[in-house]
Amino acid sequence: MERRNGGTVGRYTTGARINHWITAGSLVLMALSGLALFHPSLFFLTHLFGGGQSTRIIHPWIGVVLFFGFAGLFIRFWAYNLWNRDDTQWMKQSGDVINAREEKLPEIGRYNAGQKLVFWAMTLLIAVLFLSGIVLWDTYFHAYFTIGQKRLAAVVHAFAAVITILVWIVHVYAAIWVKGTVRAMTRGSVTGGWAWRHHRKWLREVVQKR
Amino acid sequence: MATLQSLDIKRRSATTEPPPHVRGNAIEVAKLIDVSKCIGCKACQAACLEWNDLREEVGYNTGVYDNPADLSPATWTLMRFTEFDNKGNLEWLIRKDGCMHCEDPGCLKACPAPGAIVQYQNGIVDFVSENCIGCGYCVKGCPFNIPRISQADNKAYKCTLCSDRVAVGQAPACAKACPTQAIYFGSKDDMIAHAEERIVDLKERGYANAGLYDPKGVGGTHVMYVLHHADQPELYAGLPNEPRISRLVELWKGGTKPLALAGIGLAAVVGFFHYIVKGPNEVTEEDDERADQINR
Ligand code: SF4
């Protein structure tokens, strides 16, 4: 007998998916081109972008794409990411989270606390990276900032970038670990079973609205 | 310009492996600028343009003798004029500004491009333009505000201490051109010895605070000044008193980088092993059935 999967539930519109993947692609390119200039042992990554000068030219422009890409995601999703009591409870049970004992966790709406933290961390980090990046973008802005400000911006930019990469690792790993997640961003829908297991409150809401 | 094959390299920017160093017998050189002997004729400025084949654009008179107004990709050395009222006695302090060739160069520390900045064993700090990517990090690293990025090719430029001349046993062009011999060139030891003689002389003439500018905060420099007022270097168009590489630059370029990379690597490894130990988080048949009951 064919196993049923609880039907499907729409999770992301086509627009949201395109928006996400533009942002994701530019974030990966930002990380690669940024790491190339971050440490000598990674300078070889500049070859992916056509050399050192080209990497230096291209990095901030991809940053602009990333900034506007993320701004789009922010406008789409910020309201779903407001913190509530269940999130605090979920955080307290992080042991149950990493051990996948989901039956012990509170019922979760559209996003769980981990996803919300990733969202707000990325919001803050991308804003900081964008602003400090402007200060470092000498080609167009060298005359507007002092050397002291640029030194500070360089430290802040590098620090924020490292944290961003760590948050990105968490985000990607969660998508790999929790099976059935990636299709939300590739096909736009998830299975009912997935929604029941991970976002039960959200599933109930969706069903109720029908 | 490529690096000079006949000069051993002490440090190379953004490089983890040792540079060529078979000779290991280089004498540390230095340029000594005796500010008390300078008449501000700018012969050194002209000689620098000529030897290095640079052309500065015709600029504007800004109302002072400084011309051009600032260092630029074509002006690697610049006379900076300061009028100092020494208790009713007007002194015209003229300092030849340019790269100090720091023993501990902030520009080289900050540079992310392998081999774009080298320090030869003789102490000269040289920019190797073909490797420069134009990021401007050297500008942030330098405690003396020396490097300038060209609008034409987006590469950084500064005084080379005429490394090409020094490599074949010649003195820098500016030292050759100076009509009052305010610029000396030789081994660092000889230059310090000569400076001491000059300082004794200046003290006899009433400059009680005459002294040598060889700031220890950057490990000493391979361009040194004899100053009449060595206790107040700022008088000389803002020559920094006790310069050192900014702590921010050290934080940015120091041990935190390998730590950060290790942290990133660790996060990936932890994720990998979490998967290996816990296995994927999969939807169960029960989840599907429960969903079926409400999702129709
Ligand atoms: S003065 Fe500036 S450019 Fe010259 S060696 Fe020192 S840090 Fe580098």
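All residue numbers refer to position in the chain's written sequence, counted from 1. Labels are handed out in written order, letters beginning with A for the chains and numbers beginning with 1 for the ligands. Local features in this predicted model are restricted to residues whose pLDDT is 70 or higher, and side-chain atom pairs enter the listing and the counts only when it is 80 or higher, whereas totals over whole chains, interfaces and linings include all residues. Only hydrogens and water are set aside when side-chain values are computed; all heavy atoms of the structure are taken into account.

**Quick notes on the overall build of chain A**
Every helix listed is a DSSP run of H or I at least four residues long, and every strand listed is a run of E at least two residues long, numbered separately from the N terminus. Across its full length, chain A carries 10 helices and two strands. In sequence order, chain A lays out its α and β elements as β-α-α-α-α-α-α-α-α-β-α-α. Counting only C-alpha atoms, chain A reaches 65 × 35 × 30 Å along its principal axes. Classification of residues uses two cut-offs on accessible area relative to the type maximum, computed with a 1.4 Å probe and protein chains only: under 20% is buried, over 50% is exposed, and between them is partly exposed. A total of 210 residues make up chain A; the buried ones form 48% of that total. Residue contacts follow a heavy-atom distance rule, with two residues in contact if any of their heavy atoms lie within 4.5 Å. Look at the contacts in chain A between residues 6 or more apart in sequence, and 71% of them connect residues 24 or more apart. With an accessible surface of roughly 10,800 Å², chain A has 69% of that area assigned to carbon and sulfur atoms. Charged residues are defined narrowly, with Lys and Arg counted positive, Asp and Glu counted negative, and His plus the chain ends left uncounted. Lysine's charge is taken at NZ, arginine's at CZ, aspartate's at CG and glutamate's at CD. One finds the centroid of the 23 positive side-chain charges in chain A at a distance of 5 Å from the centroid of its 9 negative side-chain charges. Under the convention used here, a 1.4 Å probe and the Shrake-Rupley method define accessible areas, while residue burial counts only the protein chains that appear.

**So, helix α1 (residues 43-51) of chain B**
All names here are of chain B. Turning to α1, its buried residues are C44, Q45, A47 and C48. Buried residues along α1 cover an arc of 165° about the axis, so they all sit on one side. Packing partners of the buried residues in α1 comprise β3 (77-86), β4 (89-98), α5 (173-177) and β9 (183-187). As used here, the arc belongs to the directions running from the helix axis to the C-beta atoms.

**A look at the domain arrangement of chain B**
Domain delimitation in this document rests on an assignment produced automatically or drawn from a domain database. Segmentation of chain B into domains returns domain 1 (9-245) and domain 2 (255-294). Between domain 1 of chain B and domain 2 of chain B, the C-alpha centre-to-centre distance is 55 Å.

**Notes on the sheet that holds strand β11 (residues 223-227) of chain B**
All names here are of chain B. Strands qualify as paired when DSSP identifies two bridges or more between them. Ordered by their spatial adjacency, four strands build an open sheet running β9-β2-β11-β10, and the pairing between neighbours is mixed. Looking at the sheet topology across the chains shown, the edges are occupied by β9 and β10 (211-213). Between one strand and the next, the sheet's axes are offset by a mean angle of 25°, whatever the strand orientation. Direction of pairing for strand β2 (residues 29-34) relative to β9: antiparallel, over a ladder of five bridges. Across the sheet, the residue bridging to L32 is Y184, located in β9. Lines fitted to C-alpha atoms define the axes here, with helix axes fitted over just the stretch in contact, and angles between the N-to-C directions of these axes take values from 0 to 180 degrees. Helix-sheet contacts for helix α6 (residues 188-204) involve β2, β9, β10 and β11, and the interaxial angle to β9 is about 140°.

**Considering the sheet that holds strand β5 (residues 117-120) of chain B**
Residue and element names in this part refer to chain B. Overall, antiparallel pairing links the three strands, which are arranged β1-β5-β6 in an open sheet. In this open sheet, the two strands that pair with only one neighbour each are β1 (9-12) and β6 (125-127). Taken over all neighbouring pairs, the strand axes of this sheet differ in orientation by 25° on average, direction set aside. Examined bridge by bridge, β5 and β6 share three bridges and lie antiparallel to one another.

**Some words on unusual backbone geometry**
All names here are of chain B. With omega at -5°, the peptide bond leading from N67 into P68 counts as cis. Note that P68 resides in the loop between α1 and β3. Residues other than glycine seldom take positive phi values, yet A14 does so here, at roughly 45°. Inspection of the secondary structure puts A14 in the loop between β1 and β2. With relative accessibility at 14%, the residue A14 sits in the buried group. Even without glycine at this site, L161 takes up a positive phi of about 55°. Within the fold, L161 resides in the loop between β8 (156-157) and α4 (163-167). On the accessibility criterion, L161 (1% relative accessible area) is buried.

**Things to note about the site of the ligand**
Consider each residue's heavy atoms; a residue with any of them within 4 Å of a molecule or strand counts as near. Looking at the ligand, there are 13 residues lining it, with C99, M100, C102, C107 and C142 of chain B nearest. Along the lines of polarity and charge, the residues of the shell around the ligand split into 10 nonpolar, two polar and one charged. In the scheme used here, Gly and all other residues not listed as nonpolar or charged are polar, with Ala, Val, Leu, Ile, Met, Phe, Trp, Tyr, Cys and Pro taken as nonpolar and Asp, Glu, Lys and Arg as charged.

**Quick word on the packing of aromatic side chains**
Only Phe, Tyr and Trp rings take part, Trp by its six-membered ring, and two of them pair if their centres are within 6.5 Å. Stacked means planes under 30 degrees apart, edge-to-face means over 60, and tilted covers everything else. Counted by the stated rule, this structure contains 23 aromatic pairs over all chains. Between Y140 of chain A and F141 of chain A the ring centres are 6.5 Å apart and the planes differ by 70°, which places this aromatic pair in the edge-to-face class. Owing to a relative accessible area of 45%, Y140 of chain A belongs among the partly exposed residues under this scheme. On the accessibility criterion, F141 of chain A (24% relative accessible area) is partly exposed. Between F272 of chain B and F273 of chain B, the ring centres sit 5.3 Å apart and the planes meet at 85°, which makes this aromatic pair edge-to-face. Through a chain of ring-to-ring contacts, the aromatic side chains of W61, W137, Y140, F141 and Y144 of chain A assemble into a single cluster. Whether a charge lies above a ring is judged from NZ of Lys or CZ of Arg, which has to be within 6 Å of the ring centre and within 35 degrees of the ring normal. When the ring centre of W202 of chain A is taken as reference, the NZ or CZ atom of R11 of chain A above it lies at 4.7 Å.

**Concerning the interface of chain A and chain B**
Counting from both sides, the interface comprises 51 residues of chain A and, opposite them, 54 residues of chain B. Reported buried area values correspond to the accessible surface (1.4 Å probe) lost by two parts on association, with both partners' losses combined. Taken together, the two surfaces of chain A and chain B that pack against each other cover about 4,500 Å², and 63% of this comes from carbon and sulfur. We count a salt bridge whenever a side-chain nitrogen from Lys or Arg sits within 4 Å of a carboxyl oxygen from Asp or Glu. Linking chain A with chain B are two salt bridges, by the criterion used here. Of the charged contacts in the structure, one is a salt bridge between R197 of chain A and D287 of chain B, with a shortest N-O distance of 3.2 Å. Any pair of N or O atoms that falls within 3.5 Å is considered a polar contact. Within protein, one atom must be able to donate a hydrogen and the other to accept it, and sequence-neighbouring residues count only if both atoms are side-chain atoms. At the boundary of chain A with chain B, the tally comes to 21 residue pairs in polar contact (both at pLDDT 80 or more). Examining the composition of the side of chain A that touches chain B, we find that 15 residues originate from one element, helix α7 (residues 147-177) of chain A, more than from any other. Its residues placed into classes, the side of chain A that touches chain B shows 27 nonpolar, 14 polar and 10 charged.

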